Amino acid sequence: MQSRNGINPKLRELLEERQMLRERLHRVIFALALTEDLLAETFERLADTPSARNSVHTLSAKRARSAAAECRAFAERLEDVQEPGIG
């Protein structure tokens, strides 16, 4: 069965759910990137203090920065994907 605008109500529902999930994914990606940046800052501060673990903290900071950059790159690729129109 189709609605007045020619789209099956179930299909419309699925497209709206897809959009909601996409928006949630964007928020999760943003939160993960922010968390990784905060971890990197923390490890960088720890690496600046005198400690036998400075190299471990420096490496952890670099890994967190890399993970944050990957999150941002993924978010950009996700935005580049064309959205199908609804109706």
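Structure first, text after, so check above.
Just so it is clear, the model here is predicted, and its values are computed rather than measured.

What follows concerns the overall build of the protein. Along its length, the protein carries 2 helices and 0 strands. The buried share of the protein, reckoned over its 87 residues, is 20%. Taking the intrachain contacts of the protein between residues at least 6 apart in sequence as the baseline, contacts between residues at least 24 apart amount to 65%. Carbon together with sulfur atoms contributes 58% to the accessible area of the protein, which is approximately 6,700 Å² in total.

The next point concerns the environment of Arg63. Within the secondary structure layout, Arg63 lies in helix 2 (residues 54–80). Through-space distance from the C-alpha of Arg63 to that of Ala40 is 7.8 Å; in sequence the pair is 23 residues apart.

Next up on the list: the nonpolar core. Ile29, Ala33, Cys71, Ala75 and Leu78 form the largest nonpolar core, which has 5 residues in total. For this core, the elements supplying multiple residues, two or more each, are helix 1 (9–47) and helix 2. By residue number, the principal contributor to this core is helix 2, which donates 3 residues. Not counting chain neighbours up to four residues away, the residues in contact with Ala75 comprise His26 and Ile29.

To continue, consider helix 2. Between its terminal C-alpha atoms helix 2 stretches 39 Å, which fits the 39 Å expected from 27 residues at 1.5 Å a residue. Within helix 2, burial applies to His57, Ser60, Ala61, Ala64, Ala68, Cys71, Ala75 and Leu78. Buried residues along helix 2 sit in contact with helix 1.

Running from N to C, helix 1 and helix 2 cross one another at 160°; their axes reach a closest spacing of 8 Å. Classed by the angle they form, the pair helix 1 and helix 2 counts as roughly antiparallel. Crossing of helix 1 over helix 2 shows left-handed handedness. Residue classes in the contact of helix 1 with helix 2 are distributed as 17 nonpolar, 5 polar and 8 charged.

Now for a nonpolar patch on the surface. Among the surface-exposed residues, Phe30, Leu34 and Leu38 lie close enough to one another that they form a single nonpolar patch of about 320 Å² accessible area. Considering the arrangement of structural elements, one finds Phe30 in helix 1. Taking relative accessible area as the criterion, Phe30 reaches 60% and is therefore assigned exposed.

Quick notes on the rules
Residues numbered from 1 in each chain as written. Predicted model: local features only at pLDDT ≥ 70, side-chain atom pairs only at ≥ 80, totals over all residues. Heavy atoms only, no water. Helix = DSSP H or I, 4+ residues; strand = E, 2+ residues; numbered from the N terminus. Buried < 20%, exposed > 50% of the residue type's maximum accessible area, 1.4 Å probe, protein only. Contact = heavy atoms within 4.5 Å. Areas by Shrake-Rupley, 256 points an atom, 1.4 Å probe, with all protein chains shown as cover. Core = buried A, V, L, I, M, F, W, Y, C linked by side-chain atoms within 4.5 Å. Expected span 1.5 Å × (residues − 1). Axes fitted to C-alpha atoms, helices over the stretch in contact; angles between N-to-C directions. Parallel < 35°, antiparallel > 145°, perpendicular 65-115°, else oblique. Left-handed = near helix turned anticlockwise from the far one by under 90°. Nonpolar A, V, L, I, M, F, W, Y, C, P; charged D, E, K, R; others polar. Patch = residues over 30% accessible without salt bridge, like charges linked within 9 Å, V, L, I, M, F, W, Y side chains within 5 Å. Salt bridge = Lys/Arg side-chain N within 4 Å of Asp/Glu carboxyl O.

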